[in-house]
Amino acid sequence: MNCIDFTLKDTVKFLKKNSNYIILTHASPDGDTLGAGYALYYGLKQLGKRVEVICPDVIPQKFAYFLCDTDHVSRENAVVIAVDVADKRLLGALQEDFGDTVDLNIDHHVSNARYAKNLYLDADAAATCEIIYELLSALKIKFNDTIAKALYTGLATDTGCFKYSCVTAKTHKIAAALYDYNIEADVINKVMFDTKSKDLLTLERMVLDTAEYHFNDKCMILTITAAMQEKTGCSGPDLEGITEISRSVEGVIAGVTIKQTGSDTYKASLRTYDPLNASEICKKLGGGGHKNAAAVTLCGSLDDVKVKILDAIKQQMEEKHAWTSAAE
Ligand SMILES: [Mn+2]
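Below, the discussion takes up the overall build of the protein. A count of helices and strands for the protein gives 11 helices and 12 strands. The globule rule puts the C-alpha radius of gyration for 328 residues at 20 Å, and the 20 Å found for the protein is close to it. By residue count, 53% of the 328 residues in the protein fall in the buried class. The contacts of the protein with a sequence gap of at least 6 include a subset with a gap of at least 24, amounting to 64%.

Structure representation (structure tokens):
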């Protein structure tokens, strides 16, 4: 499909022009896709539109403070917007119904697959919520506590609480502007970053036992099997924090977390540091994401999957002269 690039101005015009909108988030919803979807919902409601937000999966309870019941919009005459959805496959259960009919995609992933009719992409934005903030400002929407909380949640969660390399002065300026409202950032950050269930702690212990190191200890692999998920009752978004563990391990520049998602399917989440590029590595295998954080779904046995991802990492380490040891 021929995907047309939208500017901020085009996007504002598009959002003013239509009356009925369906906003889609990605599967395994995170703070950014939900924050962006609901902030856009509240903004469009102020413009008098009919708007429905649809999430392919159950939304975790921890996001309840900015959610609400949305309109029911009939699919026939609705304009479909996907937020923070880089690839139609990430629509999960909604892909069949909406994968080829997204009218506007608002996103910040450099790997965006350009599947929508129109695309407003800002790959320099740390979060889709940054883009939504600018859109709502351009639309002269009146911000309130709920909109500010939704946007702050997206900014904080997509940046690891403002720690990642994607953070810019603009990210902080937007966060500062959101502090004009009663966002209770300390409460949001405690829930998003510093709270885990006892079951999750048990799962983390099991996962740490699977740690393997490769390429002179520059690459770390952690594995979350289906059995571990079953035993602890932890799944989906509960497991996001585990993909960050490798970041804290000295010397690791490629951290892989392999999560079993089916009998022979695995999702590999990759976190990289300079000079490696996670997005390029995952793209080679059919996935994508950001420079320092990307993911890919692979089929086969766990060993097959490990070999595939390790080969791709090794290749890039060699290209970028990141691995000089002859040990492996
Ligand atoms: Mn995002």
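Now, onward.
Further remarks concern the environment of Leu200. Within the secondary structure, Leu200 sits in helix 8 (residues 198-208). Remark: the alpha-carbon pair of Leu200 and Thr171, spanning 29 residues in sequence, is separated by 30 Å.

Here the focus is the pattern of salt bridges. Per the stated rule, a full pass over the model turns up 15 salt bridges. The shortest N-O distance in the salt bridge between Arg89 and Asp87 comes to 3.2 Å. Residue Lys88 is joined to Asp100 by a salt bridge in which the shortest nitrogen-to-oxygen separation is 2.6 Å. Here Lys88 is found in the loop between strand 4 (79-83) and helix 3 (95-98), whereas its partner Asp100 is found in the loop between helix 3 and strand 5 (104-107), with 12 residues between them in sequence. Look at Asp100 and you get exposed, because its relative accessible area is 52%. Three or more residues are tied together by salt bridges with common partners; here these are Glu244, Arg247 and Arg271.

Among the structural elements, Leu119 can be located in strand 6 (residues 118-121). Leu119 sits in the buried class, given a relative accessible area of 1%. Those residues in contact with Leu119, other than ones at most four positions away along the chain, are Cys3, Ile4, Asp5, Phe6, Leu104, Asn105, Asn112 and Arg114.

As a further point, take the sheet that holds strand 3 (residues 50-54). The strand order 1-6-5-4-2-3 describes an open sheet built from 6 strands, whose pairing is parallel. The open sheet has two edge strands with one neighbour each: strand 1 (4-5) and strand 3. Pairing between strand 5 and strand 6: 4 bridges, direction parallel. Its bridge partner lying in strand 6, Asp107 is registered against Leu121.

Our focus in this paragraph is the side chain of Asp103. Position of Asp103 relative to the elements: it lies in the loop between helix 3 and strand 5. Judged by its relative accessible area of 14%, Asp103 is buried. Among the polar contacts listed, one links the side chain of Asp103 to the side chain of Lys117, at a separation of 2.9 Å. Sequence-distant contacts of Asp103, defined by excluding residues within four places in its chain, comprise Phe14, Ala78, Val79, Val80, Lys117 and Asn118.

Conventions and cut-offs
- Residues numbered from 1 in each chain as written.
- Predicted model: local features only at pLDDT ≥ 70, side-chain atom pairs only at ≥ 80, totals over all residues.
- Heavy atoms only, no water.
- Helix = DSSP H or I, 4+ residues; strand = E, 2+ residues; numbered from the N terminus.
- Rg over C-alpha atoms; globule rule 2.2 N^0.38 Å.
- Buried < 20%, exposed > 50% of the residue type's maximum accessible area, 1.4 Å probe, protein only.
- Contact = heavy atoms within 4.5 Å.
- Salt bridge = Lys/Arg side-chain N within 4 Å of Asp/Glu carboxyl O.
- Pairing = 2+ DSSP bridges.
- Polar contact = N/O pair within 3.5 Å; in protein donor to acceptor, adjacent residues only side chain to side chain.

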